[in-house]
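Descriptive structure summary
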Amino acid sequence: MDIASLLPMTTSRLSLRLFTPGDADDLYAYQSLPSVARYLYRPPHTRERSEEVAAERAAHTTWCTDGDKVALAVCRRDEPGVLGEVTLTLADTRAAQAEIGWTIDPRHQGHGYATEAAAALAAFAFDTLKVHRLYARLDVENTGSVGVCERLGMRREAHLVENDLDGDRWGSEYIYAALAADLLAIRAGRSDPAVGR
Ligand SMILES: CC(C)(COP(=O)(O)OP(=O)(O)OC[C@H]1O[C@@H](n2cnc3c(N)ncnc32)[C@H](O)[C@@H]1OP(=O)(O)O)[C@@H](O)C(=O)NCCC(=O)NCCS
């Protein structure tokens, strides 16, 4: 499936659209921050890396095989610019398992944008892409991300103890998940009842 024709998705405040190469400045503004990279198990992006990421994301719109990743720019409907991103990765085609992720520029955090965008993407994953189980992996210290999972109504399924190395720190992770059958609960838990295309 090519998802390009299904975009943008809109919520009451947001538009979720494909990235374009012209988004590199907005991407770099938050991807370069140590506070944003803190729990992503990677160094802050360089300007060049953000340019590559914008171009790669603009070109990748297929949802067919394991590892396919769709990244959408989170924008306000009434203002130009990119506030952040939500991502969906096809982890297992046969079992219809997908991983969801989110990042919001710190200048725009604290307004419910991550939860609103993720709720719309979760509904899209279940309704349109026919995902059976949607999960998120996050560092246990990432309280902002824990909050998004809880607001979405996802279940905490696992606590992996020191399963990764983050520099010289042992990282521990939570796995949160929801099934397609939980969609009503996720919708009930979202910040904006008007979320939809
Ligand atoms: C994880 C991350 C996206 C969370 O961002 P966020 O803005 O805190 O999350 P939300 O969009 O759900 O906003 C929730 C906050 O907005 C507030 N808020 C304001 N208006 C709101 C509304 N209309 N609806 C919901 N929440 C609202 C909530 O009270 C909450 O504030 P609190 O944290 O002080 O309780 C952000 O911390 C981030 O980008 N981190 C760096 C990247 C990262 O670690 N990504 C996850 C990897 S697993």
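Computed from a predicted model, the values in this text were never measured in an experiment.

Let us look at the nonpolar core. Counting 43 residues, the largest nonpolar core has W63, L72, L88, I100, W102, L134 and M154 as its most contacted members. Those elements that provide at least two residues to this core are β2 (14–18), β3 (69–76), β4 (84–92), β5 (97–104), α4 (113–127), β6 (133–139), α5 (143–152) and β8 (169–179). The leading source of residues in this core is α4, at twelve residues. In contact with L134, not counting residues within four places along its chain, are L88, A98, E99, I100, A122, A125, F126, M154, Y176, A177 and A178. Within the second largest apolar cluster, eleven residues are counted, among which are F19, A24, Y30 and V82.

Attention now goes to the UniProt feature "domain: N-acetyltransferase" (unreviewed entry) in the chain. UniProt records the feature "domain: N-acetyltransferase" (unreviewed entry) for residues 14–181 in the present numbering. Note that residues 14–181 is 30% helix and 36% strand, and that its end C-alpha atoms are spaced 25 Å apart.

Once that is clear, we can look at the packing of aromatic side chains. All chains considered together, the criterion is met by one aromatic pair. Centre to centre, the rings of Y174 and Y176 are 6.2 Å apart; their planes meet at 90°, and the pair counts as edge-to-face. Using a relative accessible area of 0% as the deciding quantity, one classes Y176 as buried. Taking the ring centre of F19 as reference, the NZ or CZ of R57 above it sits at 5.0 Å. Over the ring of Y174 we find R156, and its NZ or CZ is 3.8 Å from the ring centre.

All right, on to the site of the ligand then. Inspection of the region around the ligand gives 21 residues, with W102, G110, A114, T115 and N142 positioned closest. Backbone polar atom of W102 to a nitrogen atom of the ligand: 2.8 Å apart, as the coordinates give it. Look at the ligand: alone it shows 950 Å² of surface, and the protein chains cover 68% of it. Elements represented by at least two residues in the shell around the ligand include exactly β5, α4, β6 and α5. No other element matches the four residues that α5 contributes to the shell around the ligand. Across the shell around the ligand, the residue classes break down as eight nonpolar, ten polar and three charged.

A few words now on unusual backbone geometry. With omega at 0°, the peptide bond leading from L7 into P8 counts as cis. Here P8 shows up in the segment before β1 (9–10). Even without glycine at this site, A96 takes up a positive phi of about 55°. By secondary structure assignment, the location of A96 is in the loop between β4 and β5. Residue classification places A96 among the buried residues on the basis of a relative accessible area of 18%. Backbone geometry places K130, a non-glycine residue, at a positive phi of 60°. Residue position: K130 is located in the loop between α4 and β6.

Reading the values: the criteria
Residues numbered from 1 in each chain as written. Predicted model: local features only at pLDDT ≥ 70, side-chain atom pairs only at ≥ 80, totals over all residues. Heavy atoms only, no water. Core = buried A, V, L, I, M, F, W, Y, C linked by side-chain atoms within 4.5 Å. Buried < 20%, exposed > 50% of the residue type's maximum accessible area, 1.4 Å probe, protein only. Helix = DSSP H or I, 4+ residues; strand = E, 2+ residues; numbered from the N terminus. Contact = heavy atoms within 4.5 Å. UniProt positions renumbered as here; feature names shortened; annotations may be inferred. Phe/Tyr/Trp six-rings, centres within 6.5 Å; stacked < 30°, edge-to-face > 60°. Lys NZ or Arg CZ within 6 Å of the ring centre and 35° of its normal. Near = heavy atom within 4 Å. Polar contact = N/O pair within 3.5 Å; in protein donor to acceptor, adjacent residues only side chain to side chain. Areas by Shrake-Rupley, 256 points an atom, 1.4 Å probe, with all protein chains shown as cover. Nonpolar A, V, L, I, M, F, W, Y, C, P; charged D, E, K, R; others polar.

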